[in-house]
Amino acid sequence: MATDTQTTPNEESNTSVLSDRQRERAKRVGFHGLLWSLIAIVLSPVLWMFVVSVNQIGFEAFIGDPVGWAANADLSGYYEVWTESDFPYWFRNSLIVSVGATVLSIIVCTFGAYSIGRLRFRGRKAMATFLLVTQMFPLILIAIPLFIVFRDLGLVNTLTGLMIAYVAFTLPFAIWMLRGFYENLPESLEEAAMIDGSTRFGAVLRVILPLSAPAIATTAIFTWVLAWNEFVFALVLINDSERQTLPPGMSEWVGQFALNWDMLMAGAISATIPLLVVFFLLQSYIVKGLAEGAVKS
Amino acid sequence: MSTKIQDIRNFEIPREYYHWLSKEGVWGWLFLLPSLLALGTVSVYPLLRGVYLSFFEYDGIGDPEWVGLDHYAYIFGWTEFWIVMRNTLVWAFASVVVMALVGLGFAILLNRDFRGRSVATTLLLLPWAIPFISIALNWRLMYSFELGPLNGFLRLAGISEGLPWISSSRYALFSIMIAWVWRNFPFFMLTFLAGMKGIPSDLYEAAHVDGSSRLDSFRHITLPFLQPIAIVMTLLMSLWSLNHFTLIYVMTGGGPGNSSMVLPVYIYERAFHLGEMGLASAIAVVMLLVMLSYGLIYLRLYRDDVGGK
């Protein structure tokens, strides 16, 4: 900022090399100042979530005495979440259901995406459009009858039922995402294998699948995030707290522990950790996968 | 110029060269079969059954009672329904426009070489790596009267005693929309950034030689290139926004009154708290019609850009 103001007078006698360089520098400082303050604003809710999770405090008190906040920080909120609530059950259930639904969708979607993305046949276009149309279904319209059907089949209140229900929205998304990747593979790949006598199915298994492993992994991550976030189906199809997943389970806290902000935030952070781990371990994959899927499809 | 690119992309073997009974066709349908079966069972069948249910009065326990089109007739004269419908449309479309603009702004900032670029990108992706439920709780805290930094800041700056962000019918929907934009702009940022990287740099150089300003280059090169991506993303994001449930349900439950109520939450309450599954299904069918007509008109308008191949 200081450099910024100092260069301004120089700009008027803007002839020497030095002032050009200074101008460059001022521009750079201005750019970084703008960018990083915007980033700070974007990140402030997350920072505040952390601040309150270790020591419930008001904004003015924190600004006035951050050292006092740090001195009184502890993990009691986290302790409460992990030992005194149903959170561990929800966490486990969320893991089971989201991973299960992802595996289910990925197995089915790999072939579907290959078919739509790569094979030329009549009806393919219609199927691609149909997949897009399933994204236009209100999930809540599906949830009501699904509840009735599952109740009649005894699948209400089971994690298996929830896993199956999740395929309704994870599968079209996964096919749509993976399709773009298959469209971009060179044509001759399976043909070589098929000339050597293997069937289309064999060629897909031995040639295409290994090649598309990174794309499948990216698709799996996105699918898993969808399932980890899902709210309505879990709310409708599960009644027992111990069988609930994280989102509806934690939403109950709002009424019960409205003023225990340290606990609420500790829970919010705990529910975030699996996502964070996956995102930051696989960030380059995700960015690339998303870019390819988006640009190509 | 973008039509050229589209032409190449949409090039297809003429129809007579492929038939559904051709060898590829058989494999095509075989490979699709599991997907179609799965979607038929958990998506299409429940959907049709939901449409069917909308012609009945059903409380979830007793026997469904046929009422024909009564629910639909009722819905159209029902003020509350129209308020919720208006909220839903504002929620979905206004927030998507803002998301796209914010995302574009950050993409422009990040689309240059500077030190710390990948750190900046990663940090800006953070809202996206937080589950909806955590965001809902996080923003409840942000808007909290005593502990929320927003009101704390207003008080410190002496601007006001604090605003009732999500507890007043005037600001509630708007406040939740801020959280929704916050969570989703990275999605636009990333895809725009990827799109910008795909623009050949000699285009810019040529434009520069021809003496166009940076703003001109942005308008005539960058924006047309980003348009197809933007169209797909806004379509998907507005559909996802229409379906979104968590933030509104957890932050306000649709209140105060129905001021921040949107269709998914409203339908849920009707079906599972008030036991009006038939009426709720009818509302959901209207919502389906809105989403379908929006989506299909959109696809029709921008068929080439969505690349419906």
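Residues numbered from 1 in each chain as written. Chains lettered and ligands numbered in written order. Predicted model: local features only at pLDDT ≥ 70, side-chain atom pairs only at ≥ 80, totals over all residues.

Tell me about the overall build of chain B, and please be specific about residues and values.
The helix and strand inventory of chain B stands at 14 helices and two strands. If one aligns the C-alpha atoms of chain B with their principal axes, the spans along those axes are about 75 × 75 × 30 Å. Here chain B holds 309 residues, and 42% of them are scored as buried. (Helix = DSSP H or I, 4+ residues; strand = E, 2+ residues; numbered from the N terminus. Buried ≥ 20, exposed ≤ 12 C-beta atoms within 10 Å, placed from the backbone.)

Pulling in residues and values, what's your account of the overall build of chain A?
Helix and strand content of chain A: 17 helices and zero strands. Here the analysis covers contacts within chain A between residues at least 6 apart in sequence; of these, 73% occur between residues at least 24 apart. (Contact = placed C-beta atoms within 7 Å.)

Give a description of the domain arrangement of chain B that names residues and reports values.
In terms of domain boundaries, chain B breaks down into domain 1 (19–53) and domain 2 (58–306). One C-alpha centre belongs to domain 1 of chain B, the other to domain 2 of chain B, and the line joining them spans 30 Å. (Domains from an automatic or database assignment.)

For the interface of chain A and chain B, give the residues involved together with the corresponding values.
Across the contact, 77 residues belong to chain A and 81 residues belong to chain B. No other element matches the ten residues that helix H2 (residues 17–54) of chain A contributes to the side of chain A that touches chain B. Split by residue class, the side of chain A that touches chain B holds 58 nonpolar, 13 polar and six charged. (Nonpolar A, V, L, I, M, F, W, Y, C, P; charged D, E, K, R; others polar.)

Could you give an account of the packing of helix H4 (residues 79–110) of chain B against helix H8 (residues 172–197) of chain B, naming the residues involved and the relevant values?
All names here are of chain B. At a closest axis distance of 6 Å, the pairing of H4 and H8 adopts a crossing angle of 45 degrees. The orientation of H4 with respect to H8, classified from their angle, is oblique. The way H4 lies across H8 gives a crossing that is right-handed. Of the residues belonging to the contact of H4 with H8, the class tally is 22 nonpolar, four polar and no charged. (Axes fitted to C-alpha atoms, helices over the stretch in contact; angles between N-to-C directions. Parallel < 35°, antiparallel > 145°, perpendicular 65-115°, else oblique. Left-handed = near helix turned anticlockwise from the far one by under 90°.)

Explain the domain arrangement of chain A to me, and be specific about the residues and the numbers.
Residues and elements named next belong to chain A. Segmentation of chain A into domains returns domain 1 (2–74) and domain 2 (80–296). On a C-alpha basis, the centroid separation for the pair domain 1 and domain 2 is 39 Å. Contacts between domain 1 and domain 2 engage six residues on the former and six residues on the latter.

I'd like to hear about the confidence of the model for chain B, residue by residue, with values.
Any segment with low pLDDT has predicted coordinates that should not be analysed in fine detail. All names here are of chain B. Across chain B, the average pLDDT comes to 86, with 91% of residues at or above 70. Counting interchain partners and residues more than four positions distant, the pLDDT-below-50 stretch residues 1–9 has four contacts. Taken as a whole, residues 13–17 scores under 50 in pLDDT and shows two contacts with residues more than four places along the chain or in a different chain. For this predicted complex, the interface confidence reaches an ipTM of 0.85, while the overall pTM sits at 0.86. (pLDDT = per-residue confidence, 0-100.)

Please provide a residue-by-residue account of the UniProt feature "domain: ABC transmembrane type-1" (unreviewed entry) in chain B, values included.
When the UniProt feature table is mapped onto this chain, "domain: ABC transmembrane type-1" (unreviewed entry) is found at residues 85–298 of chain B. Secondary structure within residues 85–298 of chain B divides into 74% helix and 0% strand; the distance between the first and last C-alpha atoms comes to 19 Å. (UniProt positions renumbered as here; feature names shortened; annotations may be inferred.)

Could you give an account of the confidence of the model for chain A, with specific residues and numbers?
Mean pLDDT over chain A works out to 84, with 90% of the residues at or above the 70 mark. Per-residue pLDDT stays below 50 along residues 1–14 of chain A; that stretch engages in 16 contacts with residues further than four places along the chain or on separate chains.

Tell me about the packing of helix H9 (residues 159–183) of chain A against helix H2 (residues 23–53) of chain B, residues and numbers included.
In contact at an axis separation of 8 Å, H9(A) and H2(B) are set at 135 degrees when each is read in the N-to-C sense. Considered as vectors, H9(A) and H2(B) are oriented oblique to each other. Crossing geometry of H9(A) relative to H2(B) is assigned as left-handed. Packed against H9(A), whose contacting residues are Ile164(A), Ala165(A), Val167(A), Ala168(A), Leu171(A), Pro172(A) and Ile175(A), the element H2(B) presents Ser35(B), Ala38(B), Leu39(B), Val42(B) and Ser43(B) at the interface.

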